[in-house]
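Listed below, chain by chain, are the residues.
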Amino acid sequence: MRSVYLAGFDVFLPDAAAHGKRLKALCATYGFDGLFPLDNEAPQDLAGQALAQWIYRENVALIRRADMVMANLNPFRGAEPDSGTAFEVGYAIACGKPVWGYTGQAGTLIDQVAVGAAADDGVSRMVDADGYTVEDFGLNLNLMLACSARIITGSAADCLAEMARAPGR
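Residues numbered from 1 in each chain as written. Predicted model: local features only at pLDDT ≥ 70, side-chain atom pairs only at ≥ 80, totals over all residues. Heavy atoms only, no water.

Along the backbone of the chain there are six helices and seven strands. The principal-axis extent of the C-alpha atoms belonging to the chain is close to 55 × 45 × 30 Å. Within the chain, the fraction of its 169 residues that count as buried is 38%. Of the roughly 9100 Å² that the chain leaves accessible, carbon and sulfur atoms contribute 54%. The distance from the centre of the 13 positive side-chain charges to the centre of the 20 negative ones in the chain is 11 Å. (Helix = DSSP H or I, 4+ residues; strand = E, 2+ residues; numbered from the N terminus. Buried < 20%, exposed > 50% of the residue type's maximum accessible area, 1.4 Å probe, protein only. Areas by Shrake-Rupley, 256 points an atom, 1.4 Å probe, with all protein chains shown as cover. Lys, Arg positive; Asp, Glu negative; His and termini not counted. Charge placed at Lys NZ, Arg CZ, Asp CG, Glu CD.)

Our focus in this paragraph is the sheet that holds strand 1 (residues 2–7). In space, the five strands of this open sheet follow the order 2-1-3-4-7, with parallel pairing throughout. Of all the strands in the sheet, the pair left with one neighbour each is strand 2 (32–35) and strand 7 (150–153). Neighbour-to-neighbour, the strand axes of the sheet open up by a mean angle of 25 degrees, direction not taken into account. In this sheet, strand 4 (residues 99–103) lies alongside strand 3 (residues 68–72) in parallel orientation, the contact comprising four bridges. Bridge pairing in strand 4 links Asn 72 to Tyr 102. The strands that helix 1 (residues 16–29) touches are strand 1 and strand 2; relative to strand 2, the one it contacts most, it runs at about 160 degrees. Where helix 3 (residues 83–94) meets the sheet, it contacts strand 1, strand 3 and strand 4, and its direction lies at approximately 160 degrees from that of strand 3. (Pairing = 2+ DSSP bridges. Axes fitted to C-alpha atoms, helices over the stretch in contact; angles between N-to-C directions. Contact = heavy atoms within 4.5 Å.)

A separate point is the pairing of strand 5 (residues 116–120). Here strand 5 pairs with strand 6 (residues 123–127) via five bridges, running antiparallel. The partner of Ala 119 across the bridge, within strand 6, is Ser 124. Connecting strand 5 to the antiparallel partner strand 6 that follows it, the hairpin turn spans two residues, and Asp 121 within it adopts a positive phi of roughly 50 degrees.

So far we have only geometry, and geometry alone does not tell us how the molecule works.
Shown next, in the form of structure tokens:
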């Protein structure tokens, strides 16, 4: 059975451990062994930065152990995916792991965050509320995520179903 590291901000849910168990059960339904970050139980004597370092090392070890990664790339605390999840995607890609991501955001970045147009030296561009250019490649995520992972518009179950159908899964 292929193992899947379950990246995402799901670890911040009030019922994170129970949610992780549900995700792992869903993985099993599709023939995968889910590895959830909270599978690691932190030593009771750690706190603060020492605890943060322990969590980092354990999560990176789980990614290295996994055959692939499935990442929740839905917006978190704003318009973009969780920064920790984005790191995990990049780390997995650097390790040569296949990465799948899912998001409910179907529209392009322009549809999601652009509020207007600006023109500099005759070049028109779409901008966000702070005046930053919004990339316009017709993608629903930043190109660094959209071009490195297989992105599914939908839920974790939708993503797992696609993963299960993929050749060589």
